[in-house]
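Listed below, chain by chain, are the residues.
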Amino acid sequence: MVDQFPQALSIAGSDSGGGAGMQADLKTIQERHVFATTVLVAITAQNTLGVKDAFPLPTKIIDEQFAALDEDLQIKACKTGMLADVTRVKAVVANLKKYDFGPLTLDPVMIAKGGAPLLSEDAVIVVRDELLPLATIVTPNLPEAEKLTGQTINTTDDMQMAAKKLQNMGVQNVIIKGGHFENDNQSSDFVLLSNGRSFWLSAPRVNTANTHGTGDTLSACITAELAKGNSVEQAIKISKQFVDATIRDGIKVGHGHGPLNHWAYRKVEANAEV
Ligand SMILES: Nc1ncnc2c1ncn2[C@@H]1O[C@H](COP(=O)(O)OP(=O)(O)O)[C@@H](O)[C@H]1O
Ligand SMILES: Cc1ncc(COP(=O)(O)OP(=O)(O)O)c(N)n1
């Protein structure tokens, strides 16, 4: 049988403003030339000024979306984003155990940049204990890594310690994103791989308010690259460059924390070919 075109799955919430959540995932996966599919878990009324409201979907329709994808598509990698609450996290865990959608990138989305909760407090422990062990890679930002590990993170040493703790909780690969270290002139992420290798990925910090959806974009890019068959290390390295381009070559949309320029990496690739 001819190999099917690479397909990836985003299991996430919708951001009506188009900058984060499932919309960021779709734009990113498309840019990486992978066919994007979706399981919608929650709907938010959101723009660049913040989250106005959120509506988690009934588990019946969540289950039905998974079943429909399994019946027909050949998904090679998947990611999770906003999962809302305990009920939705448990539904997603049950479906990921039932079907094989390839390596899971777990983006443990908890709080939007404006401060709105996207995961209930009591669901954090369910993500940690039930979803994390299913993941091939977890991509927390600093506050999310603190919640999952129960330790504070103030230094780069703390980031490395937290990554090891997460690996000991059962996930093979970890990337702790340093985007929230706002006083640093570099934005540095710490990577710890299943083979014990670790390294930093750094880029000069861009002085901009337009960083809405950075975490989603990074994890969606990793997912797309894994769907193409790239290694975890290759996927992470490409994704850091991709997200960096989307921030650096920014666009102006909305009046608050604006979205990224999801087509910026095309220029980077075009210049590399010359
Ligand atoms: N101002 C910035 N300049 C350059 N890179 C950034 C900036 N803000 C975030 N990043 C990068 O974007 C990615 C997402 O990080 P982060 O913003 O910490 O995640 P989240 O959106 O989940 O809070 C990381 O690779 C991080 O280093
Ligand atoms: C529906 C939805 N999902 C996720 C987020 C948060 O995404 P993230 O990439 O972490 O972006 P910021 O919160 O850093 O802007 C969201 N806002 N909405």
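What you see is a predicted model, and the numbers here were worked out from it, not measured in a lab.

Asker: Tell me what's going on with the pairing of strand β3 (residues 50-56), and back it up with residues and numbers.
Answerer: Side-chain direction in a regular strand flips from residue to residue, so the side chains alternate between the two faces of the sheet. Where strand β2 (residues 35-47) meets β3, six bridges bridge the pair, whose relative direction is antiparallel. Residue pairing across strands places Thr44 opposite Ala54, the latter belonging to β3. Counted along the chain from β2 to the antiparallel partner β3, the turn is two residues long.

Asker: So what about the site of ligand 2? Which residues, and what values?
Answerer: Taken together, 16 residues are adjacent to ligand 2, and Gln46, Lys113, His212, Gly213 and Asp216 come closest. One of the side-chain nitrogen or oxygen atoms of Lys113 is found 2.4 Å away from an oxygen atom of ligand 2. For ligand 2, the accessible surface in isolation is 430 Å², of which the surrounding protein chains cover 97%. Taking a 2 Å distance to the grid points as the criterion, the majority of the atoms of ligand 2 fall inside the largest pocket. Among the elements that make up the shell around ligand 2, the one with the highest residue count is helix α7 (residues 214-227) (three residues). Grouping the amino acids of the shell around ligand 2 by side-chain chemistry returns five nonpolar, nine polar and two charged.

Asker: Lay out the UniProt feature "domain: Pyridoxamine kinase/Phosphomethylpyrimidine kinase" (unreviewed entry) in the protein in plain terms, naming residues and giving numbers.
Answerer: Listed under "domain: Pyridoxamine kinase/Phosphomethylpyrimidine kinase" (unreviewed entry) in the UniProt record, and renumbered for this structure, are residues 15-261. Across residues 15-261, helical content stands at 40% and strand content at 20%; the span's end C-alpha atoms are separated by 16 Å.

Asker: Provide a residue-level description of the sheet that holds strand β6 (residues 137-138), including the pertinent values.
Answerer: Taken in spatial order, the nine strands line up as β3-β2-β1-β4-β5-β6-β7-β8-β9 in an open sheet, and their pairing is mixed. Every interior strand has two partners, whereas the edge strands, β3 and β9 (198-204), have only one. Bridge count between strand β5 (residues 104-106) and β6: two bridges; the pairing is parallel. If you follow Leu106 over to β6, its bridge partner there is Val138. Taken strand by strand, helix α3 (residues 86-98) contacts β1 (7-15), β2, β3, β4 (75-80) and β5, and its axis lies near 165° from that of β4. Running over the sheet, α7 touches β1, β4, β5, β6 and β7 (173-176) and is turned about 165° from β4.

Asker: Just give me the short version of the packing of helix α5 (residues 142-149) against helix α6 (residues 156-168), but keep the residues and values in it.
Answerer: Close contact between α5 and α6 brings their axes to 10 Å; oriented N to C, the two are set at 50°. Between α5 and α6, the angle is such that the two are oblique. Regarding α5 and α6, the two cross each other, and that crossing is left-handed. Every residue of α6 that contacts α5 at Leu142, Leu148 and Thr149 is listed here: Met159, Ala162, Lys165 and Leu166. Each residue belonging to the contact of α5 with α6 can be placed in one class, and the counts come to five nonpolar, one polar and one charged.

Asker: Hey, could you go over the site of ligand 1 for me, with residue numbers and the actual values?
Answerer: Neighbouring ligand 1 are 15 residues, the closest being Lys177, His180, Ser187, Asp189 and Thr214. Residue Lys240 places a side-chain N or O atom 2.9 Å away from an oxygen atom belonging to ligand 1. Bound to the protein, ligand 1 loses 94% of the 550 Å² it would expose on its own. For ligand 1, the cavity whose grid points lie within 2 Å of the majority of its atoms is the largest pocket. For the shell around ligand 1, the secondary-structure elements that each account for two or more residues are β8 (186-192), α7 and α8 (232-248). Tallying contributions element by element places α8 first for the shell around ligand 1, with three residues. Class assignment of the residues belonging to the shell around ligand 1 gives a composition of four nonpolar, six polar and five charged.

Asker: Explain helix α1 (residues 21-31) to me, and be specific about the residues and the numbers.
Answerer: Of the residues making up α1, those classed as buried are Gly21, Met22, Ala24, Asp25, Thr28, Ile29 and Glu31. Looking one or two residues past α1, His33 carries a phi angle of roughly 65°, positive in sign.

Asker: Help me get a handle on a negative patch on the surface, residues and values and all.
Answerer: On the surface, a cluster of negative charge is contributed by Asp70, Glu71, Asp72 and Asp100. Topologically, Glu71 is positioned in helix α2 (residues 59-72).

Asker: Summarise the pattern of salt bridges; cite the residues concerned and give the values.
Answerer: What the rule picks out here adds up to 17 salt bridges. Residues Lys60 and Glu64 are paired through a salt bridge, measuring 3.0 Å at the closest nitrogen-oxygen approach. One end of the pair, Lys60, and the other, Glu64, are both in helix α2, four residues apart, so they sit about a helical turn from each other. Lys240 is paired through a salt bridge with Asp189; the nearest N and O atoms lie 3.1 Å apart. On the criterion of sequence distance, the pair formed by Lys240 in helix α8 and Asp189 in strand β8 is long-range, its members being 51 residues apart. In terms of burial, Lys240 and Asp189 fall into one category: buried.

Calculation criteria
- Residues numbered from 1 in each chain as written.
- Chains lettered and ligands numbered in written order.
- Predicted model: local features only at pLDDT ≥ 70, side-chain atom pairs only at ≥ 80, totals over all residues.
- Heavy atoms only, no water.
- Pairing = 2+ DSSP bridges.
- Helix = DSSP H or I, 4+ residues; strand = E, 2+ residues; numbered from the N terminus.
- Near = heavy atom within 4 Å.
- Polar contact = N/O pair within 3.5 Å; in protein donor to acceptor, adjacent residues only side chain to side chain.
- Areas by Shrake-Rupley, 256 points an atom, 1.4 Å probe, with all protein chains shown as cover.
- 1 Å grid on protein atoms, 1.4 Å probe; cavity = no way out; pocket = protein on both sides within 12 Å on 5 of 7 lines; lining within 4 Å.
- Sits in = over half its atoms within 2 Å of the grid points.
- Nonpolar A, V, L, I, M, F, W, Y, C, P; charged D, E, K, R; others polar.
- UniProt positions renumbered as here; feature names shortened; annotations may be inferred.
- Contact = heavy atoms within 4.5 Å.
- Axes fitted to C-alpha atoms, helices over the stretch in contact; angles between N-to-C directions.
- Parallel < 35°, antiparallel > 145°, perpendicular 65-115°, else oblique.
- Left-handed = near helix turned anticlockwise from the far one by under 90°.
- Buried < 20%, exposed > 50% of the residue type's maximum accessible area, 1.4 Å probe, protein only.
- Patch = residues over 30% accessible without salt bridge, like charges linked within 9 Å, V, L, I, M, F, W, Y side chains within 5 Å.
- Salt bridge = Lys/Arg side-chain N within 4 Å of Asp/Glu carboxyl O.
- Lys, Arg positive; Asp, Glu negative; His and termini not counted.
- Charge placed at Lys NZ, Arg CZ, Asp CG, Glu CD.

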